[in-house]
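Breakdown of the fold
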Amino acid sequence: MVEGKKSGHAENLGSHGGRASSWLAVTVMLAGFVIGGYALTVTNWTLIWIGVGVFVVGAILALVFDIFTDVVIDSPRVGMRAEDHR
């Protein structure tokens, strides 16, 4: 590779890391899922509904933060046709 030039392959990789707000929404949903899962094992209905509530709050945050816009779509691989991407 010539110094100062990027290879064509490195340009198309993009970042799949996501924004901090998206990670916050996912973390809140994961916490709700864990709380609800634990509550199911000890059969504590109050804690189950708290877990469901925390998960719903995380889902609302995900909608507000529009986490699906974090998706990076890579360009098609060299040598593949569009029909091969299904």
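These remarks concern the structure in this document. On a predicted model such as this, the values are computed, not experimentally measured, just so you know.

Considerations on the overall build of the chain
Counting its regular elements, the chain contains 3 helices and 0 strands. Reading the chain from its N end, one meets helices and strands in the order α-α-α. Counting only residues that meet the buried cut, the chain has 15% of its 86 residues in that class. Excluding contacts between residues fewer than 6 apart, the proportion of contacts in the chain whose partners are at least 24 apart in sequence is 65%. With the model as given, the accessible surface of the chain reaches about 7000 Å², and the carbon-plus-sulfur share is 68%.

Some details on the side chain of D70
Among the structural elements, D70 can be located in the segment after α3 (45-65). Engagement of the side chain of D70 in a polar contact is seen with the backbone nitrogen of R19, the distance being 3.3 Å. A distance of 2.5 Å separates the side chain of D70 from the side chain of S22, its partner in a polar contact.

Notes on a nonpolar patch on the surface
A contiguous nonpolar patch, built from L30, F33, V34, W45, W49, V52, F55, V56, I60 and V64 and spanning about 1100 Å² of accessible area, is present on the exposed surface. Counting only elements with at least two residues in the nonpolar patch, the list comes to α2 (20-42) and α3. Among the elements that take part in the nonpolar patch, α3 stands out by supplying 7 residues, more than any other. Tracing the backbone shows L30 in helix α2.

Notes on unusual backbone geometry
A positive phi angle is found at T43, which is not glycine, with a value near 50 degrees. Overall, T43 belongs to the exposed group, its relative accessible area being 58%. You will see that D66, though not glycine, has its phi angle at about 55 degrees, which is positive. As for its position among the elements, D66 is in the segment after α3.

Some words on the pattern of salt bridges
Taken as a whole and judged by the stated rule, the model has 1 salt bridge. The residue D70 makes a salt bridge to R19 at a minimum N-O spacing of 3.3 Å. Taken together, the residues D70 in the segment after α3 and R19 in the loop between α1 (8-11) and α2 connect sequence positions 51 residues apart.

Conventions we followed
Residues numbered from 1 in each chain as written. Predicted model: local features only at pLDDT ≥ 70, side-chain atom pairs only at ≥ 80, totals over all residues. Heavy atoms only, no water. Helix = DSSP H or I, 4+ residues; strand = E, 2+ residues; numbered from the N terminus. Buried < 20%, exposed > 50% of the residue type's maximum accessible area, 1.4 Å probe, protein only. Contact = heavy atoms within 4.5 Å. Areas by Shrake-Rupley, 256 points an atom, 1.4 Å probe, with all protein chains shown as cover. Polar contact = N/O pair within 3.5 Å; in protein donor to acceptor, adjacent residues only side chain to side chain. Patch = residues over 30% accessible without salt bridge, like charges linked within 9 Å, V, L, I, M, F, W, Y side chains within 5 Å. Salt bridge = Lys/Arg side-chain N within 4 Å of Asp/Glu carboxyl O.

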